[in-house]
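What follows is each chain in one-letter form.
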Amino acid sequence: MNLTKKEIHPGIWVMEMSGNVHMGADCKRVDQEVEGHIEKKQLRIIFDMGKVDHIDSAFVGQIVKSFSRLKKADGSLRLAAVKGMAEGVLKMTQVDKVVPIFPTVSAACEDFPK
């Protein structure tokens, strides 16, 4: 997995992921990044998954964990540009009913309260 992050609007951070996202180092890195944002009170995060080819069940769990931790800290998580296999897995596991999914990063950004 490749991961880059950037602030696209004041207080809204995008974590752009690409490639295959699996258990182990990938999940740990996402977990550490989210924790770092929570510590800095950067509580609005979008996972841009437009370039993600494959996810496993551990990463599905990581998404739910990140969502829960941000919610507990009065923040929120959005998913953007989920497609293909990843979209199918999130729908099959009904994560799409818990974590909001948007077609683009811009749409996800607009959904955050002002």
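As shown above, the structure is provided for reference.
Everything in this summary refers to the structure shown in the same document. All values reported here derive from a predicted model rather than from experimental measurement.

A few words on the overall build of the protein. Counting secondary structure elements, the protein contains 4 helices and 5 strands. Reading the secondary structure of the protein in the N-to-C direction produces β-β-α-β-α-β-α-β-α. Computed over its C-alpha atoms, the radius of gyration of the protein comes to 13 Å, within 12% of the 13 Å expected for a compact globule of 114 residues. Here the protein holds 114 residues, and the buried ones make up 44% of them. A separation threshold of at least 6 residues defines the contact pool for the protein, and within that pool the share at least 24 residues apart is 69%. When the accessible area of the protein is evaluated, it comes to approximately 6,000 Å², of which 54% is carbon and sulfur surface.

Right, let's talk about helix H2 (residues 57–72) for a bit. If you check H2, its first and last C-alpha atoms are 23 Å apart, about what 16 residues at 1.5 Å a residue would give, namely 22 Å. Of all the positions in H2, only Phe59, Val60, Gln62, Ile63, Ser66, Phe67 and Leu70 are classed as buried. Angularly, the buried residues of H2 cover 160° about the axis, an arc narrow enough to put them on a single face. In H2, the exposed positions that point more than 90 degrees away from the buried face belong to Ser57 and Lys72. Where H2 is buried, its residues touch strand S2 (12–21), helix H1 (25–39), strand S3 (44–55), strand S4 (76–80) and helix H3 (84–92). Capping the start of H2 is the job of one residue whose side-chain oxygen sits 3.2 Å from the backbone nitrogen of Ala58: Asp56. Positioned one or two residues after H2, Asp74 has a phi angle of 65°, which is positive.

Rules of the game
Residues numbered from 1 in each chain as written. Predicted model: local features only at pLDDT ≥ 70, side-chain atom pairs only at ≥ 80, totals over all residues. Heavy atoms only, no water. Helix = DSSP H or I, 4+ residues; strand = E, 2+ residues; numbered from the N terminus. Rg over C-alpha atoms; globule rule 2.2 N^0.38 Å. Buried < 20%, exposed > 50% of the residue type's maximum accessible area, 1.4 Å probe, protein only. Contact = heavy atoms within 4.5 Å. Areas by Shrake-Rupley, 256 points an atom, 1.4 Å probe, with all protein chains shown as cover. Expected span 1.5 Å × (residues − 1). Arc of directions from axis to C-beta. Polar contact = N/O pair within 3.5 Å; in protein donor to acceptor, adjacent residues only side chain to side chain.

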